[in-house]
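The primary structure of each chain is shown beneath.
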Number of protein chains: 4
Amino acid sequence: CIPNSAGEAMTRRLRAGMVGGGPGAFIGAVHRQAMALTGQIELVAGAFASDAARSRATGQELGLSAQRGYASWEAMLEAEQRLPEDQRIELVVIVTPNHLHFPVARAFAQAGVHVVCDKPLVHTTAQAQELRRVVQVSGVLFGVTYNYTGYPMVRQAREMVRSGQLGDVRKVVVQYHQGWLATQLEREGNKQAGWRTDPVRSGVAGAVGDIGSHAENLLTTVTGLALEAICADLTTFVPGRALDDDASILLRFKGGAKGVLTASQIAVGQENDLSLQVYGTQGSLSWRQEDPNCLLYWPLSGGQQIWTRGSPQLSPAAQAATHLPAGHPEGFIDAFSNIYRGFAAALTARLERRVFDAETMAFPGLEEGIRGVRFIEKTVQSARSTERWTQVDQ
Amino acid sequence: CIPNSAGEAMTRRLRAGMVGGGPGAFIGAVHRQAMALTGQIELVAGAFASDAARSRATGQELGLSAQRGYASWEAMLEAEQRLPEDQRIELVVIVTPNHLHFPVARAFAQAGVHVVCDKPLVHTTAQAQELRRVVQVSGVLFGVTYNYTGYPMVRQAREMVRSGQLGDVRKVVVQYHQGWLATQLEREGNKQAGWRTDPVRSGVAGAVGDIGSHAENLLTTVTGLALEAICADLTTFVPGRALDDDASILLRFKGGAKGVLTASQIAVGQENDLSLQVYGTQGSLSWRQEDPNCLLYWPLSGGQQIWTRGSPQLSPAAQAATHLPAGHPEGFIDAFSNIYRGFAAALTARLERRVFDAETMAFPGLEEGIRGVRFIEKTVQSARSTERWTQVDQ
Amino acid sequence: CIPNSAGEAMTRRLRAGMVGGGPGAFIGAVHRQAMALTGQIELVAGAFASDAARSRATGQELGLSAQRGYASWEAMLEAEQRLPEDQRIELVVIVTPNHLHFPVARAFAQAGVHVVCDKPLVHTTAQAQELRRVVQVSGVLFGVTYNYTGYPMVRQAREMVRSGQLGDVRKVVVQYHQGWLATQLEREGNKQAGWRTDPVRSGVAGAVGDIGSHAENLLTTVTGLALEAICADLTTFVPGRALDDDASILLRFKGGAKGVLTASQIAVGQENDLSLQVYGTQGSLSWRQEDPNCLLYWPLSGGQQIWTRGSPQLSPAAQAATHLPAGHPEGFIDAFSNIYRGFAAALTARLERRVFDAETMAFPGLEEGIRGVRFIEKTVQSARSTERWTQVDQ
Amino acid sequence: CIPNSAGEAMTRRLRAGMVGGGPGAFIGAVHRQAMALTGQIELVAGAFASDAARSRATGQELGLSAQRGYASWEAMLEAEQRLPEDQRIELVVIVTPNHLHFPVARAFAQAGVHVVCDKPLVHTTAQAQELRRVVQVSGVLFGVTYNYTGYPMVRQAREMVRSGQLGDVRKVVVQYHQGWLATQLEREGNKQAGWRTDPVRSGVAGAVGDIGSHAENLLTTVTGLALEAICADLTTFVPGRALDDDASILLRFKGGAKGVLTASQIAVGQENDLSLQVYGTQGSLSWRQEDPNCLLYWPLSGGQQIWTRGSPQLSPAAQAATHLPAGHPEGFIDAFSNIYRGFAAALTARLERRVFDAETMAFPGLEEGIRGVRFIEKTVQSARSTERWTQVDQ
């Protein structure tokens, strides 16, 4: 019961609009809870569904004023831009199926609206580069919600690697297993399964795009390693499915480290089994998303230690992402909200022309998003190749 | 990634004022996060600190209008009552040290303001009964934030007992161990340690009042058993401390069940180690607060099962308290927010003159608070007694 | 895969005879496996069953010579004493139901045969004192198989307390829960359930005698604390049963430490859930029998450590009880064999007139057995008393 | 405390001689403990070390008669063959460094002595085929101590796959991580590290041969799948080391299943972290060697179950490998002894011209050994290849 600061020092809430997140969506409500938890962002507008009436109804349920539950994202963009500057949305949150990320993000960025976009960023590297160009021109702030790096103990792990506590990283094993797509759920009217297994809406990859990209981001963020080459074996186990639902990938990193990435959505019974093991010359780490308040640490000098969220010995970056005392479990939403806290802090600093401490309040941005798109593309390319290694130029 | 409803169906947010929760406080920020997560309650006023300037500053940090960061709770009560009915606070949230619970709750309840009060409710049964009288007269809704019963898997455990799945409960073991008071932290300027070890502000008990009462509420809520008699051994291990920091208690329940309760704040290294074991004629359960998304279940017919939050086989009460898919950990704040969701739903229903489904959206109320006060009193009485058993008349 | 010595330095095996352990027995086979694992004791004779033919058949199955599968323990004692000194048994292993421990142990001890006896030692303190007198006169070595103290990590825990690493012990919680007697198994022809629930064969206590005494021995061995007073609540939950099947006990130790002991055989689904928590001024420990290769340690200075069997930093006492490298799990039999290794080392040293290192090769002896009998008696006395505390004079 | 049979029905012990296992060896003592635990095999001879005096000394320490501690394995073979048939060794146990497996096994097999050989069987497939030829001619029984398949819960897992409870296996992940070779231990005089990193004594592979082959055997035994092709990335992380100390391997099985195998001996802090995950169309399994009494099971119909050793619902194969009641942990030696129990049962049956129940008392034999050698060869071949997939013809 040691007091801590919940990072509540705000005098004005940022005004956000949401694209997607209507009835039947999963991730929209998650983003809304995450924003609410920050106390720094207020949802004031939305184009929640492709159907105008359903979008409006969602807006009303969420307590928005009636005219700001828009019939389409284009309508929202247009109408909001006509509002006085101190009323219009300052950021857009894009939580649609993947295929809409690109047009929506590009349009809002072009209009000078800051962007938070779900992952994977877009379908292709070509789109990603176009988006980079637009963002560079408009100068908007751009966040991508690789939410798992919002966990305090992930940030602690990253700091332990960065500070040299693990020595040189030699081997990395990352696993992301789910079981929810082990059967033909997409044929049973499940909306989530529907779009995620549909190449038009999901992109060139299935499990690799949906969860493999989280695994890539997690391992890259924690280790700071750059992929050099990969060898991927993608499989579609469920009959009739167009995209992969399982991936086994060998990883080679610049500098000589090696790794293994396994991602699967046919792993019966697994809920959200994302885990990371990092082995260095001076120590090792292990972290499991389903037990996120713990970080296992083995120094070379011997013994096993369990570092827990909220402990005084943690790094400033981990402390800054912590909102409750040790032993009071933080979870998925708390971690997700840290991405938004980082984004809100950066945006507020920019609006107030202040310097922003990117070290302790980091959030994944456009470059992480572009790297993720490339990873997905290269994985699919590797799986189709007869060559052993597919280079990942970065 | 199965979609679920986050219970977001609200068209108007309830207006809340807070008493306590200023700089250095722990639980105030928790309540604010929990309220924010519901999306149903808006904090619009507060008397956050005994110092007027600090109260006002906290209000401003939280984005409140300047005049609603009050110099005292008395000032807040008076000023808010003068506001138009559609602007004034509808509920007060009391997060002060324990000794202020009684006067503040009584005053706001008398004025017709609904109350959410932290635990333990008040210092004495006499106060508790006076409060009950006031609440009965004024008719306000009264919640007590025994937050651990907000966890979905605790609600699942309760339903499994209620439905007879465990048969008759025979033995209950509840443990609540923390280590943060293993040294004289109260002498080092720690604000939390200061008031919690001070009889004037904390009441007649230390560890028993602070965490033992949570343990009592947890076991009673889950098992539905009524205490018949207790035999308590209270100890003050840290020199110079005025209140107990450790408790070992034998429990006898009406109907013949037996139990053990151990609570300690000198258990070095333990963060928030609250756990419950329930053994019935037909099965057993075990739950740990630090791993709250799991419930261990052993049916008499054999085998061990791990039931996880978000699973389709859970009871409606557990489902209603769930906001994320399985495998996406919910934590302390999510559970805490369920108490507020229940209170908000009940209050909204009352304001809209609708029937409220108390089964699936329950929250602990005045009677649970009164029971907790009696438990604390009886524990202290037992510890001082030369008799073996102290009756707990209920 | 670091080599270690399995303590194999023996040139001659000790000759043992067994009383009990015939068909349907559980613990006899355990003792035989434990002895075999030491490589230091050879079973050469036995009175395995009350039925002569069954005893002989068991002897033959075990590869004994035909004439040394005796019809009764009296016959074994008589016949073995007539054998040449270099052939007759040097120790007797008593694995009968409890009521036979006393007459068998007394007779063999009187005859100068060294004794290993299962726990609880005997039925009454009067018997225990008579046995002590006999052993003092005859000078035989006497071991009692409180096997759980044979685990290396229990010995490590003991050393950590003894060395002051935990400071002064303040609070101890020991739990021993099983579920196998949750129903009337004794009515279904189960031989183990039959004698353990029968006062004539089991003694004055049920769960307390069978497993509570293990819990008492474990906590006393690890902490070195002496019981001052207890307050016990014993229950017989299963209808028709003559002895307790559940116990909840408050403990007070000389010097001011407090504790809780809960033992139950009606804890549905629990297999052999023996655990110990020790909280000191400088650190805490936790150990679980079902995960015996780990010892959790929390130093006051912060953090949680998992100490594992086979680690180089462990104490000599723990190292001496370790036979496999870390990560290669040792289990129940390995721990049990450590009791026999200790006994064999002590007996061999005595036979060879050498000094014996009791520190690293300890085994529980007559005094531990007598203490256990007194604990059982005092628990039953306390449960029947109207007084709060029952003194445990030691 | 439910009684069980320890499989003790033997009237005569088999006579064994050991090659290797002298001072400084690890695995020799393990084999001796495992044999002792069976109660069915007696060690009567040995050529424990290349130095005659040390071999003799070891024999004496182990209680062997002086003349049967031989100066060399050749001397043992010759001398034992000259003993009367009812005194000479019936089986030889080979626990030398790998390079001696082939000549020793061949010589004893040719002489009609049954063989138990440690893994990996031999250095090359050519040797393996030669050995197969010799064994076929001489007709001796041949066991290879892939000891991890001796765990009851591994046998349970195998039966669950075989019975169709998991449906068709789709994905397998096997991990075997150790940290003991993370530094240049072989330069510090560590005998184990010395020979295992020496190509002359260890063979063409390091980690792959030492532990990767265990992983291959475990996954093949449990799933019954046959490898079709592999893609291996082998690394030598520790400078100056001649053999791999890390392996990451993609697996393709006949019939379409996929897999990942990671083996490492530079995983700092990991003791003996062997684990297996099996995902089928109807359910999943997970097992960890460091927690070997549990098997996690997720049926497609929902929920997680923990199956524990000793439970009544387990398969006959698992029951037959179980020697203690549930909750009384069995460990590494108990599992290892099951290999010997199976071998002893088969050999006794053969000597007594009885039929042997291979289903419940299986042990890994020559074919498993040959398969392991081929796996090691193919892994090294794959790692050196520029082709993506290396076929594993079986």
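A. Here's a closer look at the relation of the copies chain B and chain C. Under the fitted operation, chain B is carried onto chain C by 0.0 Å of movement along the axis and a turn of 180 degrees, and the coordinates agree to an RMSD of 0.0 Å. Both copies of the chain, as the preceding transformation shows, are related through a two-fold rotation axis. Among all C-alpha atoms of chain B, that of Arg388(B) lies closest to the rotation axis, at 2.1 Å. The share of interface residues of chain B whose copies in chain C are also at the interface is 100%, consistent with both copies meeting through the same surface.

B. How the structure looks around the interface of chain D and chain A. Residue-level contacts link 47 residues of chain D with 48 residues of chain A. The junction of chain D with chain A conceals about 3400 Å² of combined surface from both sides, 54% of it contributed by carbon and sulfur atoms. For chain D, the biggest contributors to the area lost against chain A are Arg170(D), Val268(D) and Arg388(D); these three give 23% of the whole. For the interface between chain D and chain A, the tally reads six salt bridges. Ionic pairing is found between Asp246(A) and Lys171(D), a salt bridge with its closest N-O pair at 3.1 Å. Applying the counting rule to chain D against chain A returns 28 residue pairs in polar contact (both at pLDDT 80 or more). Listed by contribution, the elements that provide at least two residues to the side of chain D that touches chain A are strand S6 (169-177), strand S7 (227-235), strand S8 (246-253), strand S9 (258-264), strand S10 (273-280), strand S11 (283-288), strand S12 (294-299) and helix H12 (366-384) of chain D. For the side of chain D that touches chain A, the leading source of residues is S8(D), giving six residues. Residue composition of the side of chain D that touches chain A, by class: 21 nonpolar, 18 polar and eight charged.

C. Layout of the confidence of the model for chain A. Residues and elements named next belong to chain A. On average, residues of chain A carry a pLDDT of 94, and 96% of them reach 70 or more. This model gives residues 1-10 a pLDDT under 50, and the stretch forms 32 contacts once residues within four places in sequence are excluded. For this predicted complex, the interface confidence comes out at an ipTM of 0.95, alongside a pTM of 0.96.

D. Representation of the sheet that holds strand S4 (residues 114-117) of chain A. Residues and elements named next belong to chain A. Strand order in this open sheet of five strands is S2-S1-S3-S4-S5, and the pairing throughout is parallel. The open sheet has two edge strands, strand S2 (41-47) and strand S5 (142-144), and neither has a second partner. Across the sheet, the mean angle separating the axes of adjacent strands is 20 degrees when strand polarity is ignored. Of the strand pairs in this sheet, S4 and S5 are connected by three bridges, and their pairing is parallel. Across the sheet, Cys-117 pairs through a bridge with Val-144, a residue of S5. Strands strand S1 (14-19), S2, strand S3 (91-94), S4 and S5 of the sheet are contacted by helix H11 (residues 332-351), whose axis makes an angle of about 170 degrees with S4.

E. Representation of the interface of chain B and chain C. Contacts between the two partners involve 48 residues from chain B, matched on the other side by 48 residues from chain C. Contact with chain C buries area across many residues of chain B, yet Arg170(B), Val268(B) and Arg388(B) alone supply 23% of it, more than any other trio. Taken together, the links from chain B to chain C amount to six salt bridges. Elements represented by at least two residues in the side of chain B that touches chain C include exactly strand S6 (169-177), strand S7 (227-235), strand S8 (246-253), strand S9 (258-264), strand S10 (273-280), strand S11 (283-288), strand S12 (294-299) and helix H12 (366-384) of chain B. Of all the elements, S8(B) adds the most residues to the side of chain B that touches chain C, at six residues.

F. Structural context of the sheet that holds strand S1 (residues 14-19) of chain B. Residues and elements named next belong to chain B. The sheet built from five strands is open, its strands ordered S2-S1-S3-S4-S5 with parallel pairing. Two strands in the sheet have a free side with no partner beyond their single neighbour: strand S2 (41-47) and strand S5 (142-144). Ignoring which end each strand starts from, the neighbouring axes of this sheet average 20 degrees apart. With four bridges joining them, strand S3 (residues 91-94) and strand S4 (residues 114-117) adopt parallel strand pairing.

What counts, and at which threshold
- Residues numbered from 1 in each chain as written.
- Chains lettered and ligands numbered in written order.
- Predicted model: local features only at pLDDT ≥ 70, side-chain atom pairs only at ≥ 80, totals over all residues.
- Heavy atoms only, no water.
- Least-squares fit on C-alpha atoms with pLDDT ≥ 70 in both.
- Contact = heavy atoms within 4.5 Å.
- Buried area = accessible area lost by both parts, 1.4 Å probe.
- Salt bridge = Lys/Arg side-chain N within 4 Å of Asp/Glu carboxyl O.
- Polar contact = N/O pair within 3.5 Å; in protein donor to acceptor, adjacent residues only side chain to side chain.
- Helix = DSSP H or I, 4+ residues; strand = E, 2+ residues; numbered from the N terminus.
- Nonpolar A, V, L, I, M, F, W, Y, C, P; charged D, E, K, R; others polar.
- pLDDT = per-residue confidence, 0-100.
- Pairing = 2+ DSSP bridges.
- Axes fitted to C-alpha atoms, helices over the stretch in contact; angles between N-to-C directions.

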